[in-house]
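# Analysis of the macromolecular model
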Amino acid sequence: MASAAIFSSLRRSRSPSLDAFLAPVHLENDVVGLLKTLTTIASDLISSFSDQTPSFQKKNSRSLLRKVDLFVVLLDSVSNSGEWWAHLPSTAVLCFKELYLLLYRSKILLDYCSHSSKLWLLIQNPSISGHFHDLNQEISTLLDVLPMNELNSLINTDVREQIDLLQKQSVRDKLFIDKHDESLRLKFFNLLNEIGNGQIPNFDELYQFFVTELGVVDSRACRVEIEFFEEQIVNHESDLEPCASVLGGFIAMIRYCRFLLFGFEEDEVEIAIGKRFKRGKKRGLICKEIADTFITIPKDFCCPISLDLMMDPVIISTGQTFDRVSISRWIEEGHSSCPKTGQVLVHKKLVPNRALRNLIIQWCMAHKIPYTPPENLELGSESFPAAPASRAAVEANKATVGLLIQQLENGSDCGKAIAAREIRFLAKTGRENRGFIAESGVIPHLKILLSSRSAIAQENAVTAILNLSIYDKNKTRIMEDDGCLRSIVSVLKSGHTVESRENAAATLFSLSAVHDYKKQIADEEGALSTLACLLRDGTPRGKKDAVTALFNLSTHTTNCVKMIELGVVKALIEALECENVAEEAAGALALIVRQPVGAEAVGSVEKAVIGLIGMMRCGTPRGKENAVAALLELCRRGGADTTERVLKAPALAGLIQSLLFTGTKRARRKAASLARVYQRCHYDSLHFNGLRLGLGYGFAGNSTTGNLDSGFPAETVSVPMSMSVSVS
């Protein structure tokens, strides 16, 4: 018999049950139980799929179900023949065990056809037809070895004749590929080739194919098709066919047809505006409903973090499933391990667990619990790895952008919000997309939406600008568009949602990567002060966005005074106590204190030295490096009082010694320079492997240098490792 490997190319959101590959061990010596189980499985298969005709593979599916139906007749006939188990030959028992596997494999294949998207079934038509043929061959082999002569006493003549007829038909069965389905598949690839050559099919051609022939009748059906293909890319294997770049072309073509054929329908408006902001309220109502009915939620349906019913289950790199909201918050708080197993996360990609989500929906329906799964506005390009774009994908996306810009120019408010959302997703998928989207003139339209009263429109617009800004040429387009920077800062100050304000901060970080724009951003009214507020009071992600933006802005020397006056320096000092952003805050302070005015401002705050010392003790390798660099610059440029405060800090000598041995290359260099300052100030003695260095007295910047008891020159620190020490 063929192995279960014939189904390895069937892309599924979860693996089939182990029962599909192993005979039932618990029924090894229980023939009665085996036949009852076979009858139940076969009957369930018939009842489940008789009324679910797939879009394609109709004839193959009906043929397989008819054969399963005959097996039900055979099993019933044997079971109704009195004390049949005493007369059942051992060969027949082995055949029935093999039938158990065949029925499970049939269920897998029929279930796959029922739950796959229409277009996916179409393009996989030859391959799936081959899987049906393989099952037919296995059924034929089973019937060949089934000892019908020995079963004559257990079955009636009619059943025997039907089984004999089935055996003859199975021998004659050949691979069947529906000619109509195959011609439709070839038509689809011809349309795709036309798009790849820059010849976009007209409305009538696409309507005929997608609506009339494929049966995709509205925008919701288009969305189902897109999500299915995206899931294939997320869960792709090395033998994924077609490859991810080709599937990207399919997605781009469907997206274009969605807006060309169906426009911006009302259900889209509800999704874009209503459900997103009712999600928290809905969640509470669902939980209350469960509590009121005293129903115990199955353990597998509860998030291990929140212990609540999962609305949007996702899988992390360790294979564990969590609710998207809970695990996203866990990761944003700086954790890099699985909250359930403690394993280190190899990556932070979240893969939708659609199989579990469907089970949760079914359970809620069975118990009459209202369940509205959140529309995943991040699904699209933000959830799957980017593949090199095919020509068809590029051309289809260009055509889609044309439709979206028309909507941004002349559409309704709701339509504009949806168009901005699609621009946001398209701008997430690669450099080429970001380039032609900005070239098409979309930035002025997005700028207008930044001041929209619609929270979703504003959030999508600012996030779209953020995604576009990743491409360096687009940074210039954004900064040169009159009033665009001002509008971004306005969203940062008073955006409708937390996400909008955080993405505005991230946009400033992206734009500030260009040195010439650092001063322009800092000079924009409200930019620095609002970033400082976000760093103090924002969410973990908001603090991260703010501190990275401030770090970039601090690299421009002319911004130092403004950062002091507007409270940025104080916010950075306070951020040293926040593990999630302490490293970047120390880095920004190390840049600010390079200037005397910055060193004076930082040195005057007692918490600054305490925070930097704490970073040297418990920070990340890069954080320790930034902290020792900041302390060194405070001693060099902060004056006598600041230097004294630094060098009198508890345990400084031990921390310097530790860094000289265990720090990064730059950290060791900075620590060595700080050790020389420590020597000259003669407050204590440093011991390195038992070697005592006497410390002279005199503040940094003083012309007086004390004598060294050890006789070592004041310009070097000798340590038991080969390293060059220089002031940097």
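Up top is the structure.
The following refers to the structure shown. These numbers were taken from a predicted model, which means no experiment stands behind them.

For the pair helix α19 (residues 455–469) and helix α20 (residues 472–480), interaxial distance at closest approach is 7 Å and the crossing angle is 135°. In terms of orientation, α19 lies oblique with respect to α20. Note on element contacts: α20 touches α19 through Asn474, Lys475 and Ile478, opposite Ile465, Leu468 and Ser469. By residue class, the composition of the contact of α19 with α20 is 3 nonpolar, 2 polar and 1 charged.

Before going further, it helps to examine the pattern of salt bridges. What the rule picks out here adds up to 23 salt bridges. When the shortest N-O distance is used, the salt bridge between Arg391 and Glu395 registers 2.8 Å. With a gap of 4 residues between them, Arg391 and Glu395 both fall in helix α15 (residues 391–410), about one helical turn apart. Taking the relative accessible area as the measure of exposure, Glu395 reaches 17% and is therefore buried. A salt bridge links Arg541 to Asp545; the nearest nitrogen and oxygen atoms lie 3.4 Å apart. Of this pair, Arg541 and Asp545 both sit in helix α25 (residues 540–554), separated by 4 residues, roughly a single helical turn. Look at Arg541 and you get partly exposed, because its relative accessible area is 25%. Overlapping salt bridges, with partners in common, bring together Arg255, Arg421 and Glu422 in one network.

Here the focus is the side chain of Arg105. Counting through the fold element by element, Arg105 comes out in helix α3 (residues 90–115). Looking at Arg105, its side chain comes within polar contact range of the side chain of Glu138, at 3.1 Å.

Taking 1.5 Å per residue, 17 residues should reach 24 Å; helix α34 (residues 665–681) reaches 25 Å between its end C-alpha atoms and fits that length. Counted residue by residue, α34 has 12 buried out of 17 residues, so it is predominantly covered. Those residues of α34 that sit buried are Ala667, Lys670, Ala671, Ala672, Ser673, Leu674, Ala675, Arg676, Val677, Tyr678, Gln679 and Cys681.

Bringing unusual backbone geometry into the picture now. A negative phi angle characterises most non-glycine residues, just as the trans form characterises most peptide bonds. For Gln57, which is not a glycine, the phi torsion comes out positive at approximately 65°. In this fold, Gln57 is placed in the loop between α1 (31–49) and α2 (58–79). Classification of Gln57 as buried rests on a relative accessible area of 4%.

So, about the packing of aromatic side chains. Two measures describe an aromatic ring pair: the distance that separates the ring centres and the angle between the ring planes. Tallying each qualifying case throughout the model produces 10 aromatic pairs. A ring pair is formed by Trp120 and Phe229, whose centres lie 5.8 Å apart and whose planes are at 70°; its orientation type is edge-to-face. In this pair, Trp120 is assigned in helix α4 (residues 118–123) and Phe229 in helix α10 (residues 219–234), connecting sequence segments 109 residues apart. Each member of the pair Trp120 and Phe229 is classed as buried. Between Phe209 and Phe210, the aromatic rings sit 5.1 Å apart at their centres with planes inclined by 85°, giving edge-to-face as the arrangement. Of the two residues, Phe209 and Phe210, both sit in the buried class. Each residue in the set Trp120, Phe188, Phe189, Phe209, Phe210, Phe228, Phe229 and Phe250 is aromatic and connected to the rest through ring pairs, giving one cluster. A cation over an aromatic ring shows up here: Lys59 above the ring of Phe176, its NZ or CZ 4.3 Å from the ring centre.

When you line up the elements, Val394 lands in helix α15. Distance from Val394 to Glu432, taken between C-alpha atoms, is 7.9 Å for residues 38 residues apart in sequence.

About the thresholds
- Residue positions within a chain follow its written sequence, with the count starting from 1.
- For a predicted model such as this one, the threshold for reporting local features is a pLDDT of at least 70, and the threshold for listing and counting side-chain atom pairs is 80 or more; totals across whole chains, interfaces and linings nevertheless cover every residue.
- The side-chain figures draw on all heavy atoms in the structure; neither hydrogens nor water molecules are used.
- Axis definition: a line fitted to C-alpha atoms, limited for helices to the stretch in contact. Angles are taken between N-to-C directions and run from 0 to 180 degrees.
- Helix and strand definitions here come from DSSP, where helices need a minimum of 4 consecutive H or I residues and strands a minimum of 2 consecutive E residues; each element is numbered from the N-terminal end.
- In this scheme, roughly parallel covers angles under 35 degrees and roughly antiparallel covers those over 145, while 65 to 115 is roughly perpendicular and the rest are oblique.
- Only heavy atoms matter for contacts: two residues are in contact if any of them lie within 4.5 Å across the pair.
- Only Asp, Glu, Lys and Arg are considered charged in this grouping, and only Ala, Val, Leu, Ile, Met, Phe, Trp, Tyr, Cys and Pro are considered nonpolar; every other residue, Gly among them, is considered polar.
- Just to be clear on terms, a salt bridge is a Lys or Arg side-chain nitrogen sitting within 4 Å of an Asp or Glu carboxyl oxygen.
- Whether a residue is buried, partly exposed or exposed follows from its accessible area with a 1.4 Å probe, protein chains only, as a fraction of its type maximum: under 20%, in between, or over 50%, in that order.
- We define a polar contact as two N or O atoms separated by no more than 3.5 Å, with the added condition that, inside protein, one atom must be a possible hydrogen donor and the other a possible acceptor, whereas residues neighbouring each other in sequence contribute only through side-chain atom pairs.
- In a helix, the anticipated span is given by 1.5 Å times the number of residues less one.
- Ring pairs shown here join Phe, Tyr and Trp side chains whose ring centres sit within 6.5 Å, with only the six-membered ring taken for Trp; geometry is labelled stacked below 30 degrees between planes, edge-to-face above 60, and tilted in between.
- We count a charge as sitting over a ring when the NZ of a lysine or the CZ of an arginine lies within 6 Å of the ring centre and within 35 degrees of the ring normal.

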